[in-house]
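Residue-level structural notes
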Amino acid sequence: VFVALGTAGSTEIARQMGAEISDKGNIKTDEEMATTIPGLFAAGDCTGLPLQVSKAVGEGLVAGHRAAEYLDKTAK
């Protein structure tokens, strides 16, 4: 888990890991907040506009649930 509060658009860790980044510099995710790297999920400002707390909280909820599901599947 990487938390980057107050660093809107911070994608350097994901970029170094090889995640796909958009032309605008955001981490690309699907509707389940999964990146192009299996097991890596992103949420909040790093995924793009709007830069709002409510969006970050909602995406964080989805990403957290999907990450837990991913770990459950890989642990079996």
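Below is a short write-up of the structure. (Residues numbered from 1 in each chain as written. Predicted model: local features only at pLDDT ≥ 70, side-chain atom pairs only at ≥ 80, totals over all residues. Heavy atoms only, no water.)

Quick word on the overall build of the protein chain
Let me state the cut-off plainly: Going along the chain from the N terminus, every DSSP run of H or I of four or more residues is numbered as a helix, and every run of E of two or more is numbered as a strand. Any residue under 20% of the maximum accessible area for its type is buried, any over 50% is exposed, and the rest in between are partly exposed; the area is computed with a 1.4 Å probe on protein chains only. The contact definition used throughout considers only heavy atoms, calling two residues in contact when any of these lie within 4.5 Å. Each accessible area is a Shrake-Rupley result for a 1.4 Å probe, and residues are judged covered by the shown protein chains and nothing else.
Counting secondary structure elements, the protein chain contains two helices and zero strands. Looking at the protein chain as a whole, 26% of its 76 residues are labelled buried. Excluding contacts between residues fewer than 6 apart, the proportion of contacts in the protein chain whose partners are at least 24 apart in sequence is 22%. Counting only carbon and sulfur atoms, one obtains 57% of the accessible surface of the protein chain, whose full area is about 5300 Å².

Digging into helix α2 (residues 53-74)
Worth spelling out the cut-off: In this scheme, a helix's expected span is set at 1.5 Å multiplied by one less than its residue total. Throughout, the arc means that of the directions going from the helix axis to the C-beta atoms.
End to end, α2 covers 31 Å across 22 residues, agreeing with the expected 32 Å (1.5 Å per residue, within 8%). Along α2, the residues classified as buried are Lys55, Glu59 and Ala63. An end-on view of α2 places all buried positions within 45° of arc, on one side of the element. The outward face of α2, more than 90 degrees from its buried face, is lined by the exposed residues Val53, Ser54, Val57, Leu61 and Leu71.

Section: the nonpolar core
Applied cut-off: We call a set of buried residues a nonpolar core when its members are Ala, Val, Leu, Ile, Met, Phe, Trp, Tyr or Cys and they connect through side-chain atoms within 4.5 Å of each other.
The biggest cluster of nonpolar side chains holds eight residues, and these are Ala14, Ala19, Ile21, Ile27, Ile37, Leu40, Ala42 and Cys46. Residue contacts for Ile37: discarding those within four places in its chain leaves Met17, Gly18 and Ala19.

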